[in-house]
Amino acid sequence: MEENAGQIPVGCMCPLGTRLHRLKMDLRKKIIDFFQEKGILVQEETVEFLMKRENGIETCKEILNNFDEYPLILSLDLVKNFFGEKDNRKEIRREIKKERFSEKGFKILRDVTGNSTCKGEIKDFVCLFRDRYERLSELVKKRQEMKYAFPIKKALRKTDEVAFIGIVKEVSNSKNGIFAEIEDYEDSIEVYIPKDVDSFVVNDEILGIKGRKSGDLFIAKSVVRPGLPVRRKRNFSEENTHVLFLSDLHVGSKSFLEKEWNNFIEWINGKKGSERQREVAKKIEYIIISGDDVEGIGIYPGQEHDLLIEDIYIQYEELARKLSEIPEKIKIILQPGNHDAVRSALPQPAFENEIKKFFSDLNVSFIGNPCYFEINEVIILAYHGQSIQDFATCLPGMNQNNPTQIMKEMLKRRHMAPIYGSVSSFAPEKKDYLVIDYVPDIFVTGHVHVTSVETYRDVLLMNASAWQMQTEYQRMMNFMPDPAKAIVVNLKNMFSSVVHFT
Ligand SMILES: [Fe+2]
């Protein structure tokens, strides 16, 4: 007894222990009652899990807000999926600390600029694909269907139905389906995916397969992608924050729409448009330009015939002059595209100082491509959109003139450009900056010169318009432009409207 003096014997209910025990029991009852009132049975392990989280019943309310339809049984997996998304958000917010600059309301969250590890060696591609596999297979694993996924090596030994996760090495089409070679760290497997199961598998995407062996062939019964949660908590700005989305200015091209641009400048200065339109113009605080800011040089064969300004530096000087006509109170966020003077491989860093210097007197911030950033709590993923063409080539029924349809395919795969070796080129960074591990509130692209706005699972998708009429090259490439439009979004309610300048 002497030895134990001052210690609380195991199992002893000291006053503090009794109180804690009672509080725990109260919380347990509250959690069970809360879900029972809504007709939901909650598993014991789920209750245990929820009791360890902070905020008690508030957390339970948050979880329920996540569902369109309440489940009959609240399993631990469903709850963990919810927290997976939330923890992801914490991770991206932690990256704020690494930001290069931060101003009121506008913060860069993730950008390759200043963080590039690329030495251009082939072996670095292994790191890039490994990072993609690690981050996306984690998301696939969270899907209910992949709960018992095996490594491919083990899956190959099973004769009954089995699930596994891998990266698609190669796809070949047959009359009634797809043959896909899928690999993980240890092994690879040839899978037959009948047309009615899925016909949208692309090279280098990460996915889960459920199915069974039939002779030498593994036949897929279902294909599982990381996907987006059916419903999630969107971020909104507390104040009315109006953001204008533009793209593909192509300054320096003979096809630049000078007259339409001047209409835009008059409108943004409150000198043109109906009273209501002028009111909207007054409220704009940010302009985001999603790349191809100038026409560039040497981008496609025969481009020299289409150039009004042949010197790349003078093109940027002219862009700066044009942007100087926008009211100074508006912050302009400038992203590069494939026509701009940065490396063409993705991810593209922001402009170097020799370009930035032209904008030194303006209210301009520079971002890379792609870039996650935040304006008044709303998370925006801006990407020029080079891979839209890759998807249009590889996926049946997809067309680059319908970019938001392709952007949904990116979100389902949680990757902006999975296909290696097509039109888009990649720099072998150690981290895959094209992974969409965090679901943005707004996802904006450009590149295909089309104006389109759509909402998919609470993400506002936009392809911002161009300021160039169709060139001979674009006619050849089947680009059908819808130019001289601007998309305005109020971040307080995500209402969007399109202003025309033709
Ligand atoms: Fe463009």
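Treat the numbers as computed from the prediction; the structure is a model and nothing was measured. (Residues numbered from 1 in each chain as written. Predicted model: local features only at pLDDT ≥ 70, side-chain atom pairs only at ≥ 80, totals over all residues. Heavy atoms only, no water.)

Draft legend 1. Molecular detail of the packing of aromatic side chains. Tallied over the full model, the rule gives 20 aromatic pairs. An angle of 55° between the planes, with centres 6.1 Å apart, marks the rings of phenylalanine 256 and tryptophan 261 as tilted. An angle of 75° between the planes, with centres 5.7 Å apart, marks the rings of phenylalanine 359 and phenylalanine 366 as edge-to-face. Each of the two residues, phenylalanine 359 as well as phenylalanine 366, counts as buried. Grouped by ring-pair contacts, the aromatic residues Phe256, Trp261, Phe264, Trp267, Trp467 and Phe501 constitute a single cluster. Geometry around phenylalanine 34 places lysine 38 over its ring, the cationic atom sitting 4.1 Å from the centre. (Phe/Tyr/Trp six-rings, centres within 6.5 Å; stacked < 30°, edge-to-face > 60°. Buried < 20%, exposed > 50% of the residue type's maximum accessible area, 1.4 Å probe, protein only. Lys NZ or Arg CZ within 6 Å of the ring centre and 35° of its normal.)

Draft legend 2. How the structure looks around the coordination of the iron ion. Asp248 (OD), His250 (NE2), Asp292 (OD) and His449 (NE2) make up the full set of protein donors to the iron ion, lying at 2.0 to 2.3 Å. Positions of the donor residues of the iron ion along the chain correspond to the pattern D-x1-H-x41-D-x156-H. Highlighted residues: histidine 250 in the loop between strand E10 (242-246) and helix H7 (258-268) and histidine 449 in the loop between strand E16 (442-445) and strand E17 (452-456), separated in sequence by 199 residues. The class for histidine 250 is buried, based on a relative accessible area of 1%. We classify histidine 449 as buried; its relative accessible area is 1%. (Donors = N, O, S within 2.8 Å, 3.2 Å for Na, K, Ca; no water. Helix = DSSP H or I, 4+ residues; strand = E, 2+ residues; numbered from the N terminus.)

Draft legend 3. How the structure looks around the layout of surface pockets. By volume, the second largest pocket is sized at about 470 Å³. The wall of the second largest pocket is formed by 22 residues, among which Ile299, Asn338, Gln389, His447 and Tyr473 lie closest to the centre. Here the lining of the second largest pocket is built from residues that sort into seven nonpolar, 13 polar and two charged. (1 Å grid on protein atoms, 1.4 Å probe; cavity = no way out; pocket = protein on both sides within 12 Å on 5 of 7 lines; lining within 4 Å. Points joined across faces, edges and corners; volume = space filled by probe spheres on them. Nonpolar A, V, L, I, M, F, W, Y, C, P; charged D, E, K, R; others polar.)

Draft legend 4. Inspection of the domain arrangement of the chain at higher detail. Taken domain by domain, the chain comprises domain 1 (24-83), domain 2 (144-224) and domain 3 (242-500). Here domain 1 and domain 2 have C-alpha centroids that lie 34 Å from each other. (Domains from an automatic or database assignment.)

Draft legend 5. Expanded view of the nonpolar core. Core analysis: the largest hydrophobic core is formed by 46 residues, its most contacted members being Tyr383, Met410, Leu411, Met416 and Phe443. Sorting the residues of this core by element identifies helix H5 (124-141), strand E5 (162-173), strand E15 (378-382), helix H11 (388-394), helix H12 (403-413) and strand E18 (459-463) as the ones contributing at least two each. At seven residues, H5 tops the list of elements feeding residues into this core. In terms of domain composition, this core takes at least three residues from each of domain 2 (144-224) and domain 3 (242-500). If we skip the residues at most four places from it in the chain, methionine 410 touches Tyr383, Ser387, Ile388, Phe391, His415, Met416, Ile436 and Phe443. (Core = buried A, V, L, I, M, F, W, Y, C linked by side-chain atoms within 4.5 Å. Contact = heavy atoms within 4.5 Å.)

Draft legend 6. Expanded view of empty space enclosed by the protein. Evaluated as defined, the whole model comprises one cavity of 30 Å³ or more. Its boundaries defined by the atoms lining it, the largest cavity holds a volume of some 30 Å³. Lining the largest cavity, in full, are Arg110, Pro370, Cys371, Tyr372, Leu381, Met416 and Tyr433.

Draft legend 7. A look at the pattern of salt bridges. One pass over the full model with this rule turns up 26 salt bridges. Put simply, glutamate 181 and lysine 169 hold a salt bridge, and the shortest N to O gap is 3.8 Å. Taken together, the positions of glutamate 181 in strand E6 (residues 177-183) and lysine 169 in strand E5 put the pair twelve residues apart, joining distant regions of the chain. Aspartate 482 is the partner of lysine 485 in a salt bridge, and the nearest nitrogen-oxygen pair spans 2.6 Å. Classification of lysine 485 as buried rests on a relative accessible area of 14%. Accessibility expressed as a relative area gives 22% for aspartate 482, which makes it partly exposed. (Salt bridge = Lys/Arg side-chain N within 4 Å of Asp/Glu carboxyl O.)

Draft legend 8. Representation of the sheet that holds strand E9 (residues 217-224). Taken in spatial order, the five strands close into a barrel running E5-E6-E7-E9-E8, and their pairing is mixed. The sheet shows a mean angle of 55° between the axes of neighbouring strands, direction not considered. Note that E5 and E6 share six bridges and pair antiparallel. The residue bridging valine 171 from the neighbouring strand is alanine 180, located in E6. (Pairing = 2+ DSSP bridges. Axes fitted to C-alpha atoms, helices over the stretch in contact; angles between N-to-C directions.)

Draft legend 9. Broad picture of the side chain of arginine 132. Of note, arginine 132 is situated in helix H5. Overall, arginine 132 belongs to the buried group, its relative accessible area being 2%. Beyond its immediate stretch of four places on either side in the chain, arginine 132 contacts Ser137, Asp204, Ile206, His415, Ala417, Pro418, Asp432 and Val435.

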